[in-house]
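# A closer look at the structure
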Amino acid sequence: MSQECIFCRIINGEIATEFVYQDEQVVAFRDIAPKAPVHVLVVPRRHIPSLAHVTAEDEGVLGHMMYVARQVAEQEGVLESGFRTIVNTGPDGGQEIYHIHMHVLGGRPLGRMVSR
Ligand code: AMP
């Protein structure tokens, strides 16, 4: 845990936040500034700063985050309409909070993000 990390403080209950999902490895809660009708963050309990910092021992939790994103999408009613998962990494990736997390966005058409 990092004393400075806002997501660690949420996970430890220092900042009251409703979890839409939680288990022994990850929690999920609504983004404070939602960009879509559904905007949930899937966050590992363990403090990993970013995707640039992961090691082989993190493979399990990274895969689990993807599976939980699917569970959250089903719970939020967007499994069939579709949803987007995003992991921002580093300054050019637009990462603001340096505790790795996966955005789960849905509930409206999100458009094409990466042009072909
Ligand atoms: P990122 O740019 O990928 O690091 O995204 C960080 C996200 O965390 C942003 O979408 C913020 O709106 C969101 N956020 C920041 N503080 C909180 C908070 N206390 N509770 C929920 N979401 C937050």
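Residues numbered from 1 in each chain as written. Predicted model: local features only at pLDDT ≥ 70, side-chain atom pairs only at ≥ 80, totals over all residues. Heavy atoms only, no water.

## A short note on the environment of Val20
With respect to the secondary-structure elements, Val20 resides in strand S1 (residues 19-22). Residues in contact with Val20, not counting those within four places in the same chain, are Ala28, Phe29, Arg30, Val40, Gln75 and Glu76. (Helix = DSSP H or I, 4+ residues; strand = E, 2+ residues; numbered from the N terminus. Contact = heavy atoms within 4.5 Å.)

## Describing the packing of aromatic side chains
This structure, assessed with the given rule, holds two aromatic pairs. Ring centres of Phe7 and Phe29 lie 5.4 Å apart, and the angle between their planes is 80 degrees; this geometry places the pair in the edge-to-face category. One end of the pair, Phe7, is in helix H1 (residues 6-11); the other, Phe29, is in strand S2 (residues 26-30), and 22 residues separate them in sequence. Judged by its relative accessible area of 7%, Phe7 is buried. With a centroid separation of 6.3 Å and 40 degrees between ring planes, the pair formed by Phe19 and Phe29 is classed as tilted. Of this pair, Phe19 sits in strand S1 while Phe29 sits in strand S2, and the two are 10 residues apart along the sequence. (Phe/Tyr/Trp six-rings, centres within 6.5 Å; stacked < 30°, edge-to-face > 60°. Buried < 20%, exposed > 50% of the residue type's maximum accessible area, 1.4 Å probe, protein only.)

## Concerning the site of the ligand
Close contacts around the ligand come from 16 residues, with Asp31, Glu96, Ile97, His101 and His103 the closest. Within the contact set of the ligand, a nitrogen atom lies 3.1 Å away from a backbone nitrogen or oxygen of Ile32. Here an oxygen atom of the ligand sits 2.7 Å away from a polar atom, N or O, in the main chain of Glu96. Computed on the free molecule, the ligand has an accessible area of 500 Å², of which 87% lies beneath the protein chains in the complex. Among the elements that line the shell around the ligand, the one with the most residues is H1, at three residues. Along the lines of polarity and charge, the residues of the shell around the ligand split into eight nonpolar, five polar and three charged. (Near = heavy atom within 4 Å. Polar contact = N/O pair within 3.5 Å; in protein donor to acceptor, adjacent residues only side chain to side chain. Areas by Shrake-Rupley, 256 points an atom, 1.4 Å probe, with all protein chains shown as cover. Nonpolar A, V, L, I, M, F, W, Y, C, P; charged D, E, K, R; others polar.)

## Some points on the pairing of strand S5 (residues 102-106)
Within S5, five of the five residues are buried, which leaves it mostly tucked inside the rest of the structure. Side chains of S5 alternate between two faces, with Met102, Val104 and Gly106 and His103 and Leu105 buried alike. As defined by bridge partners, strand S4 (residues 83-86) adjoins S5 across four bridges and the pair is classed as antiparallel. When the sheet's bridge partners are listed, Arg84 is paired in S5 with Leu105. (Pairing = 2+ DSSP bridges.)

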